[in-house]
Amino acid sequence: MNPAKFIYAAALPCLVSFAQVPSSTQAVALVKQAVAFAKQNGVAKLIQETNTPNGKFHVASGGELYIFIYDERGVVKAIGYNTAALVGVNRIDLKDPEGVMIIREIIKVAQNKGKGWVDYKYPNPTTNALDQKTSYVEYYDGAIIGSGVYKDKD
């Protein structure tokens, strides 16, 4: 086998796997992109872009990573996944099986620290299992902007 073809054949599965498996670094980068977008265009435009199926921060635009935006009361303002079912819903009391109050923790971290990580268990749509997830959040202009990844994929 040609050495170049061998290297390509060996590396391709890794590249495909990497492209399909978001990392915590990618989640942070996406949140930072969303915050920069909000600073340049306003939070209302970020919400619109996130809720649009072909928008920059919506999962339909490619890959598993998407942005979520909550207000300080726990109401979903935007989410780049299952938008129609979740926008406008108050999820302040969302709790994982171990008792973690997910949205309350996300709000607390964002308000008290300005940014940070929240760990919890959440249904994984690719495995249909309850997996450990971590979300990176930042607070900007009254909005909690975040993105999460499953830890088993990191």
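Structure's up top.
What you are looking at is a predicted structure, and each value in this text was computed from that prediction instead of being measured.

Participant: Please set out the overall build of the protein chain residue by residue, giving values where relevant.
Facilitator: Per the secondary structure count, the protein chain includes five helices and five strands. Reading the protein chain from its N end, one meets helices and strands in the order α-α-α-β-β-α-α-β-β-β. Residues counted as buried form 39% of the 154 residues belonging to the protein chain. Restricting to contacts in the protein chain with at least 6 residues of sequence separation, those with at least 24 account for 44%. Here the protein chain displays about 8500 Å² of accessible surface, and carbon together with sulfur accounts for 55% of that area.

Participant: I'd love a proper account of the side chain of Ser135, names of residues and values included.
Facilitator: Here Ser135 is to be found in strand S4 (residues 129–140). Side chain to side chain, Ser135 and Tyr120 meet in a polar contact 2.6 Å long. Residues contacting Ser135, with those up to four places away along its chain left out, are Phe68, Gly116, Trp117, Val118, Tyr120, Ser147 and Gly148.

Participant: I'd like a description of the pairing of strand S5 (residues 143–150), backed by residues and values.
Facilitator: The element S5 is largely enclosed, with a buried count of eight among its eight residues. Burial along S5 is two-sided: Ala143, Ile145, Ser147 and Val149 facing one way and Ile144, Gly146, Gly148 and Tyr150 facing the other are all buried. Judged from the three bridges that link them, strand S1 (residues 68–70) and S5 form a sheet pairing that is antiparallel. Paired with Ile69 across the strands is Ile145, a residue of S5. By the bridge criterion, eight bridges tie S4 to S5 in an arrangement that is antiparallel. In the sheet register, Tyr140 faces S5, and the bridge partner there is Ala143. What sits between the antiparallel neighbours S4 and S5 is a turn of two residues, in which Asp141 has the positive phi angle 50 degrees.

Participant: Outline the environment of Val59, supporting the account with residue identities and numerical values.
Facilitator: Inspection of the secondary structure assignment puts Val59 in the loop between helix H3 (43–51) and S1. Contacts of Val59, omitting those with residues within four sequence positions, involve Glu64, Leu65, Tyr66, Gly80 and Tyr81.

Participant: So what's going on with the packing of aromatic side chains? Residues and values would help.
Facilitator: Tallied over the entire structure, the rule returns five aromatic pairs. With centroids separated by 5.6 Å and ring planes inclined at 25 degrees, the aromatic side chains of Tyr66 and Tyr81 adopt a geometry described as stacked. Taken together, the positions of Tyr66 in the loop between H3 and S1 and Tyr81 in the loop between strand S2 (76–79) and helix H4 (83–86) put the pair 15 residues apart, joining distant regions of the chain. Accessibility expressed as a relative area gives 16% for Tyr66, which makes it buried. Tyr81 gets classed as partly exposed once you look at its relative accessible area, which sits at 38%. Here Phe68 and Tyr70 contribute two aromatic rings whose centre-to-centre distance is 5.7 Å and whose plane-to-plane angle is 70 degrees, an arrangement assigned as edge-to-face. The pair formed by Phe68 and Tyr70 is uniform in burial state, with each residue classed as buried.

Calculation rules
Residues numbered from 1 in each chain as written. Predicted model: local features only at pLDDT ≥ 70, side-chain atom pairs only at ≥ 80, totals over all residues. Heavy atoms only, no water. Helix = DSSP H or I, 4+ residues; strand = E, 2+ residues; numbered from the N terminus. Buried < 20%, exposed > 50% of the residue type's maximum accessible area, 1.4 Å probe, protein only. Contact = heavy atoms within 4.5 Å. Areas by Shrake-Rupley, 256 points an atom, 1.4 Å probe, with all protein chains shown as cover. Polar contact = N/O pair within 3.5 Å; in protein donor to acceptor, adjacent residues only side chain to side chain. Pairing = 2+ DSSP bridges. Phe/Tyr/Trp six-rings, centres within 6.5 Å; stacked < 30°, edge-to-face > 60°.

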